Amino acid sequence: MGPMTIQSIMHEDILSRLFGHLSPDLLVEAREFPAIAAERKIRRHTLAMSARVCRAFSEAALNVLWRTLDDITQLFSVIPSYSSDIGMFTRMITEEQWLRFQEYANRVRILNKQPDDKREECPPDTTWVILMQRSSRSPLLPRLEELSTSFSYGMSAGALMLLLNPALKHLDLRIMISHPSDRCTTELLVDIVQPHLAHIKSLTLHEYNGTRAPIPGRIDFESLTHLQNLRISHSVNATTPMLQALSEFTRLRALSLDFALSTYERLALSDTNLESGFSALRELQLTAKLEDASAFLQATKLPHLESLTVTRQCNFANVAHTDFNDALYALYALIPHAIHGLHLRFVEFDEYYPENTSAIHFACGVLLPDAVRALPGLRALTVSFENLACSVSDADLLALRPAWPALSRFEFTAAFRNRTTVYSATHGLALPTFGALVAFAHARPGLTRLALPALAAGGLPPDVHRREGRALLSALPRHSLRLLGFCDVVPRTPIVTLALALDRAFPALDVGHVAVAGRAPVGGGRRPEMLMTLLLTLQTARRCGAPAGVQVASP
């Protein structure tokens, strides 16, 4: 490599682009794929090491590494006088320490502090008073573009005043009122936020007071019509006038709404035409009864919609299967034909609801009928269940094989709280065989991400230590699938044979490193972790120049 080439690579813009590809922000964690969590940690470590080993790399690597903070106390720790044990400064901040703090603070673009999720408290007022004095009331993070915070767990007015700034474009407000005394504090904090809403492009609003909160709640709704992205994540009793007001957001490209309609409002909405008000909408997320979601789609008629997410939360023991299927099929009939992404999520409120009672209810063939298979442009399809079982059979995958040739992501998964084993063959639910999995993938050359409940224990190639088994394994076609997830590996599965077969059929799998990921796949069972470890071993051996996978595993 010549001197001119090295000099070109060392250019600041080029280094920024190179390290930008290592940004952990580019990866969205998914519990089905521990490799993603592992990759995020590896990227952070790589950026930190790059900043240490080369002075020329330092600035570009640190900019990417510090771009996103999950906890602002990580930044406070740059100052030696800050004690993480008590969450306070033990001495005043010197000029030299403040300059070093600003060097890192200027790099932060995203702050995802959500103490209501992590059960952590905001640093005490004295910490913010010291910072406010040192900053002369200027924004603490002057280049911050995205802020996620909570009006609970001790969020102070001083903290909010220091974090808000004119550069802010994305704001996540979580207003938790658990006690009457919280109302006065909350109203003060909302007053502080209100002037900044004029330059916000994306707003997430969650206002919880133990009941369905109204819209606009404590935020001036008329000041939000310029928004491009609006997410109202708390449950609201929707009315036709409220939805008509939302239709005035002419620049809105993404909308997320958790709502319920009364019978009267559902009938009124069916006679309302809101089509012209949502012409720019491309992404829609609805948490509602299926009938209410259908009423919304019927009234809005979104011809340019690209992605639809529907979440249904209830006690499914009280829902008749036929009524549920009828409501779901009615919803499918209203989905725009040119949609690219469809995501369904079903949540059982009762954590101890027996899995096997819903096997027929949530069979893949029932939930994905011809109306869904006829969507020609579908590129991403996910169906997930919480505290509910689901089944996918060979017949289901065979029936889906002609559908969605451009599909790049398919997930049909289940997860359970308060259980160590997510899925078990003893439930008697249908499971696909290895051959059906391979055939499904090869019908979609662009498929990069696939997740299923589990694979059947049978249907794998015979003993790979015999000549016939090795021949069948070597004859398997290959596919460029990158992410493959199973909720569980069922008992009695020959796990070594399964690993060899998967490694041969999908040699480009990104399995990461289970130890680095810090956790097992969904459910916490050991068998999926063992499978991923075996796949990692086979991949490592192959990349290091060892013979083919089947020979590596042979005694």
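Residues numbered from 1 in each chain as written. Predicted model: local features only at pLDDT ≥ 70, side-chain atom pairs only at ≥ 80, totals over all residues. Heavy atoms only, no water.

### Considerations on the packing of helix H18 (residues 434-442) against helix H20 (residues 495-505)
The criterion, for reference: Note on geometry: axes are lines fitted to C-alpha atoms, helical ones only across the stretch in contact, with angles between N-to-C directions running from 0 to 180 degrees. Helix and strand assignments come from DSSP, with helices taken as H or I runs of at least 4 residues and strands as E runs of at least 2, each series counted from the N terminus. For classification purposes, angles smaller than 35 degrees are called roughly parallel, those larger than 145 roughly antiparallel, those between 65 and 115 roughly perpendicular, and all remaining angles oblique. It is the rotation of the near helix from the far one that decides the hand of a crossing: anticlockwise by less than a right angle makes it left-handed, clockwise makes it right-handed. Should any heavy atoms of two residues lie within 4.5 Å, those residues are considered in contact.
For the pair H18 and H20, the least separation of the axes is 12 Å and the interaxial angle reads 15°. Overall, the two elements H18 and H20 adopt an arrangement that is roughly parallel. Here H18 and H20 pass one another in a crossing that is right-handed. Contacts between H18 and H20 involve Phe 434, Leu 437 and Val 438 from the former and Ala 501, Leu 502 and Ala 505 from the latter.

### Some details on the nonpolar core
Counted only if it meets this: Nonpolar cores were defined as sets of buried Ala, Val, Leu, Ile, Met, Phe, Trp, Tyr and Cys residues, with membership established by side-chain atoms within 4.5 Å. Each residue's exposure class comes from its accessible area (1.4 Å probe, protein chains only) as a fraction of the maximum for that residue type: buried when under 20%, exposed when over 50%, partly exposed otherwise.
The biggest cluster of nonpolar side chains holds 152 residues, and the ones touching the most others in it are Phe 346, Leu 368, Phe 410 and Phe 412. Tallying contributions element by element places H20 first for this core, with seven residues. Setting aside residues up to four positions removed in sequence, Phe 346 forms contacts with Arg 312, Phe 316, Phe 324, Leu 328, Phe 362, Leu 367, Val 383, Ser 384, Phe 385, Glu 386 and Leu 388.

### Some points on the side chain of Gln 539
For Gln 539, the location among the structural elements is in helix H22 (residues 526-543). Classification of Gln 539 as buried rests on a relative accessible area of 2%. Discounting residues that sit within four places of it in the chain, Gln 539 has contacts with Asp 503, Pro 507, Leu 509 and Val 511.

### Focus: unusual backbone geometry
Even without a glycine there, the phi angle at Arg 137 is positive, about 65°. Inspection of the secondary structure assignment puts Arg 137 in the loop between helix H8 (125-135) and strand S5 (146-151). Here Arg 492, not a glycine, exhibits a phi torsion of approximately 70°, which is positive.

### Here we look at H18
Two residues of an α-helix separated by three or four positions point the same way, owing to the 3.6 residues in each turn. Restricting attention to buried positions, one finds in H18 the residues Phe 434, Ala 436, Leu 437, Val 438, Phe 440 and Ala 441. Looking at the buried side of H18, the elements it contacts are helix H17 (394-400), strand S14 (409-415), strand S15 (449-452), strand S16 (483-486) and H20.

### Side note on the confidence of the model for the protein
We apply this condition: The pLDDT value tells you how sure the predictor is about a given residue, anywhere from 0 up to 100.
Of the residues in the protein, 79% reach a pLDDT of 70 or more, and the chain-wide mean stands at 80. Averaged pLDDT values for the elements of the protein fall to 40 in helix H23 (residues 549-552) and rise to 96 in strand S10 (residues 283-287). Counting interchain partners and residues more than four positions distant, the pLDDT-below-50 stretch residues 547-555 has 14 contacts.

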